[in-house]
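Each chain, written out:
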Amino acid sequence: SLSGCGALAITALGVGASAGVSHTASGTSYRTFTASAAQVKAASLAALSKMGVTVEGIAKTESGELIKGNSADRSIEVELEAMSKSTTQMRASAKRNLFVHDAATAKEIVEQTERAM
């Protein structure tokens, strides 16, 4: 009966560790930071660099900025939207191709950005 408690504790720990990151069915990860868009952008770029992602470009969008990059066989996109001067929403996605999304990599980009903050 003790082994069941251990498994439950490990499951609870895993759920709590990623509680700040939201996901969609398409494998996109979202996170809202209490920080300026400039701070989240700097942390995102540091996270991508740490992960070995080559940044191909940064473009302005209607709602903020879009960072595009690649790593191995994945296309990476990080979208930043300033919700206020001190609140920024981040969306990260990683795709192998049109049909295959890599939710684990998208989640890791968000988590590494959080650590870089």
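All values derive from a computational prediction rather than experimental measurement.

Of regular secondary structure, the chain possesses 3 helices and 6 strands. The order of helices and strands in the chain, counted from the N terminus, is α-β-β-α-β-β-β-β-α. When the 117 residues of the chain are sorted by exposure, 31% land in the buried category. A total accessible area of about 6900 Å² is found for the chain, and carbon and sulfur atoms account for 56% of it.

Next up on the list: the pattern of salt bridges. Under the counting rule described, the total for this entry stands at 10 salt bridges. E65 is paired through a salt bridge with K60; the nearest N and O atoms lie 3.9 Å apart. By relative accessible area, E65 is classed as buried at 15%. With its nearest N and O atoms 3.7 Å apart, the salt bridge here joins R115 to E108. Owing to a relative accessible area of 28%, E108 belongs among the partly exposed residues under this scheme. One connected set of salt bridges, linked through shared partners, spans K68, E77, E79 and R91.

Attention now moves to the confidence of the model for the chain. Predicted confidence across the chain gives a mean pLDDT of 84, with 78% of residues reaching 70 or more. Within the model, the stretch residues 1–19 combines pLDDT values under 50 with 3 contacts to residues more than four positions away or in other chains.

What follows deals with the nonpolar core. Counting residues in hydrophobic clusters, the biggest one holds 14 residues, and the most contacted among them are L48, I76, V78, L80, M90, A92 and I109. When residues no more than four places from it in sequence are discounted, the contact partners of I76 are L48, V53, I67, K68, G69, N70, S93, A94, T105 and I109.

Another aspect to go through is the pairing of strand β6 (residues 87–95). As judged from the 5 bridges shared by strand β2 (residues 29–33) and β6, these two strands associate in the antiparallel manner. Within β6, the residue paired with Y30 across the bridge is R91. Relative to β6, strand β5 (residues 74–84) runs antiparallel, the two being bridged by 9 bridges. When the bridges of β6 are listed, I76 appears paired with A94.

Criteria and cut-off values
- Residues numbered from 1 in each chain as written.
- Predicted model: local features only at pLDDT ≥ 70, side-chain atom pairs only at ≥ 80, totals over all residues.
- Heavy atoms only, no water.
- Helix = DSSP H or I, 4+ residues; strand = E, 2+ residues; numbered from the N terminus.
- Buried < 20%, exposed > 50% of the residue type's maximum accessible area, 1.4 Å probe, protein only.
- Areas by Shrake-Rupley, 256 points an atom, 1.4 Å probe, with all protein chains shown as cover.
- Salt bridge = Lys/Arg side-chain N within 4 Å of Asp/Glu carboxyl O.
- pLDDT = per-residue confidence, 0-100.
- Contact = heavy atoms within 4.5 Å.
- Core = buried A, V, L, I, M, F, W, Y, C linked by side-chain atoms within 4.5 Å.
- Pairing = 2+ DSSP bridges.

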